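# Structure at a glance
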Amino acid sequence: GGAVFLGLGGLLHASRLNSIEVVRSMKAEKTTTLASASEKLLKMPGDAPSIYVELAAKICCKNAIVREDTREKVAALKREVYKKERVEEWDNKTQKVKSRLRKLIVSQDLRSGQIGIQDVDPSLLETEVKRLEQLVERKKNELSSFGSMLSRNKYKKELEDIQQELYDKKQCRTVADVKADSIRVEDLLKDAGTTFAPAATNINVNINLNVTNNNNDGRPTPSPSEYPKHTTEGYETVTKVVPLGEELYCLGELSLNKKSNKLSFGRDPSRPFVFQYGSEDEVMRRALSQQNFMKYGSYGCFAIGAGWMAVGAYQMAVDNE
């Protein structure tokens, strides 16, 4: 028993150290956008450069799932169907029938599209591209009005720099695929409602005029041989979804395939990974709260485990005497 508590304390302590490292990385990184990060990756050498980033993003999906009931598009959909059953059993001690409800899972189905992330405001990149396009046109008009070669060369260089910046901005991406092996879809599911469909009931009434074994209220006394009885009351359907457009805090590795010009987000094996709903402040508060729980939980487990081991050692010493 003591060893179990010591082991549990060790696990809580290790989890706390991992959480501390996550918070340290969150504080060290500066939040950026996919557009800015992709621009940086485009300038890096190699066909598939990657960087460690902190992102404020939202969920998107290429091949979204459509809910049959609401026609709403979601990134993932899970349905679990339960049979609600009433069980009546004979209690030999009280000589009465006891009744209880139980739920039995009948089926479950999980469908998911290609989950991705996108910038909270993708229009910022579009606005910047339009601004540069307008600036290019203005510089072209200014260039044609200059007569001196020196002025023309100066404006031509400025125009080329702006055109290069415009080209780079047009290559930037505001959407990234999330690597499937980096997340568990189940961890992102949110409750989306529960429905209940009553079972079809057939009522059969049997009248026996010769019954003499009755309760005080006139009903026949139940026989133990009739139980247990199982009656289906209906079917409950629990729906969970990964909604589109939900705010996310992301900390991990962003890579760019320069041949396809596609971004991918996933785990960096050597650094903390975070993919959670909410803002940075909300995720930070949750992490700090978990740290306190794991800190005092580990202390408690170590104390109980050490005490248990001490009592066991003392008992063995007494028995040996």
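This text goes with the structure placed above it.
Quick summary incoming for the structure in this document.

Quick notes on the rules
- In every chain, residue numbers begin from 1 and rise along the written sequence.
- The model is predicted, so local features are restricted to residues of pLDDT at least 70 and side-chain atom pairs to those at 80 or more, both for listing and for counting; the totals for chains, interfaces and linings are taken over all residues.
- Just so you know, side-chain values use all the structure's heavy atoms and leave hydrogens and water out.
- Here a helix means four or more residues in a row that DSSP labels H or I, a strand means two or more in a row labelled E, and each is numbered from the N terminus.
- When accessible area is computed with a 1.4 Å probe and restricted to protein chains, residues below 20% of their type maximum are described as buried, those above 50% as exposed, and intermediate ones as partly exposed.
- Residues count as neighbours in contact if any of their non-hydrogen atoms are within 4.5 Å of one another.
- Computed with a 1.4 Å probe, the accessible areas rest on the Shrake-Rupley method; for each residue, only the protein chains presented here act as cover.
- A side-chain nitrogen of Lys or Arg and a carboxyl oxygen of Asp or Glu constitute a salt bridge if their distance falls within 4 Å.
- Take the buried Ala, Val, Leu, Ile, Met, Phe, Trp, Tyr and Cys residues and link them wherever side-chain atoms come within 4.5 Å; each set so joined is a nonpolar core.
- As used in this structure description, the phrase polar contact means that two N or O atoms lie within 3.5 Å; if the pair is within protein, one of them must be able to donate a hydrogen and the other to accept it, and residues adjacent in sequence are counted only when both atoms belong to side chains.
- The span you would expect from a helix comes to 1.5 Å times its residue count less one.
- As used here, the arc is the angular range of directions from the helix axis to the C-beta atoms.
- In summary, the pairing rule links any two rings of Phe, Tyr or Trp, Trp by its six-membered ring, whose centres are within 6.5 Å, and it sorts them by plane angle into stacked for under 30 degrees, edge-to-face for over 60 and tilted for everything else.
- When the NZ atom of lysine or the CZ atom of arginine is within 6 Å of a ring's centre and also within 35 degrees of its normal, the charge is said to sit over that ring.
- By the convention used here, strands pair only if DSSP detects at least 2 bridges between them.

Our focus in this paragraph is the overall build of the chain. Within the chain one finds six helices and twelve strands. Within the chain, buried positions represent 33% of all 321 residues. Contacts spanning at least 24 positions in sequence make up 77% of the contacts within the chain whose residues lie at least 6 apart. Carbon and sulfur atoms form 51% of the exposed surface of the chain, whose accessible area is close to 20400 Å².

This part covers the pattern of salt bridges. All chains considered together, the criterion is met by 22 salt bridges. Between Lys 83 and Glu 85 there is a salt bridge, with the nearest N and O atoms lying 3.7 Å from each other. A salt bridge links Lys 139 to Glu 158, with the nearest nitrogen and oxygen atoms 3.0 Å apart. With a gap of 19 residues between them, Lys 139 in helix 3 (residues 123–144) and Glu 158 in helix 4 (residues 149–171) connect regions that are remote in the sequence. Assessed through its relative accessible area of 13%, Lys 139 is described here as buried. On the accessibility criterion, Glu 158 (28% relative accessible area) is partly exposed. When salt bridges that share partners are traced, they join Arg 67, Glu 68, Asp 69, Glu 72, Arg 79, Asp 109 and Arg 111 into one network.

Before going further, it helps to spend a moment on the nonpolar core. Ranked by size, the top nonpolar core spans 29 residues in total, and within it Ile 117, Val 242, Cys 250, Leu 254, Phe 265 and Phe 275 carry the most contacts. Broken down by element, the residue count for this core peaks at six residues, all from strand 2 (residues 50–61).

What follows concerns the side chain of Asn 261. Within the secondary structure, Asn 261 sits in the loop between strand 10 (247–257) and strand 11 (262–266). A relative accessible area of 12% means that Asn 261 is categorised as buried. Within the local environment of Asn 261, its side chain forms a polar contact with the backbone oxygen of Gln 171, the two atoms lying 3.1 Å apart.

What follows covers helix 3. With 22 residues, helix 3 should cover 32 Å at 1.5 Å per step; its first-to-last C-alpha distance of 32 Å lies within 8% of that length. Listing the buried residues of helix 3 in full gives Leu 125, Val 129, Leu 132, Leu 135, Val 136, Lys 139 and Leu 143. Down the axis of helix 3, the buried side of the element spans an arc of 125°, and every buried residue falls inside it. Away from the buried face of helix 3 by more than 90 degrees, exposed residues Thr 127, Lys 130, Gln 134, Asn 141 and Ser 144 are located.

Of note, the phi angle at Arg 71 is positive, near 65°, even though the residue is not glycine. In this structure, Arg 71 sits in the loop between strand 3 (65–66) and strand 4 (73–91). Residue Gln 95 is not a glycine yet carries a positive backbone phi of 55°. Counting through the fold element by element, Gln 95 comes out in the loop between strand 4 and strand 5 (96–112).

Tracing the backbone through its elements, the reader meets Gly 116 in strand 6 (residues 115–119). Residue classification places Gly 116 among the buried positions, given a relative accessible area of 2%. Between the C-alpha atoms of Gly 116 and Leu 263, which are 147 residues apart in sequence, the distance is 9.8 Å. Setting aside anything within four residues of it in sequence, one finds Gly 116 in contact with Lys 58, Ile 59, Cys 60, Ala 176, Asp 177 and Val 178.

So, on to the packing of aromatic side chains. Counted under the stated rule, the structure contains three aromatic pairs. Residues Phe 273 and Phe 275 carry aromatic rings whose centres are separated by 6.4 Å and whose planes lie at 5° to one another, so their mutual orientation is stacked. For the pair Phe 273 and Phe 275, a shared accessibility class is recorded, and that class is buried. Members of the aromatic cluster, joined through ring pairs, are Phe 265, Phe 273 and Phe 275. Seen from the ring of Phe 196, Lys 84 lies directly overhead, with NZ or CZ sitting 5.5 Å from the centre. The side chain of Lys 103 reaches across the aromatic face of Tyr 82, ending 4.7 Å from its centre.

Looking now at the pairing of strand 10. Summarising burial for strand 10: nine of the eleven residues are buried, a large majority. Strand direction decides the pairing type here: strand 2 and strand 10, joined by nine bridges, are antiparallel. Across the sheet, Lys 58 pairs through a bridge with Glu 247, a residue of strand 10. Note that strand 10 and strand 12 (residues 274–277) share four bridges and pair antiparallel. Among the inter-strand pairings, Leu 251 is bridged to a residue of strand 12, identified as Val 274. Between the antiparallel neighbours strand 10 and strand 11 lie four residues, among them Asn 261 with a positive phi of about 55°.

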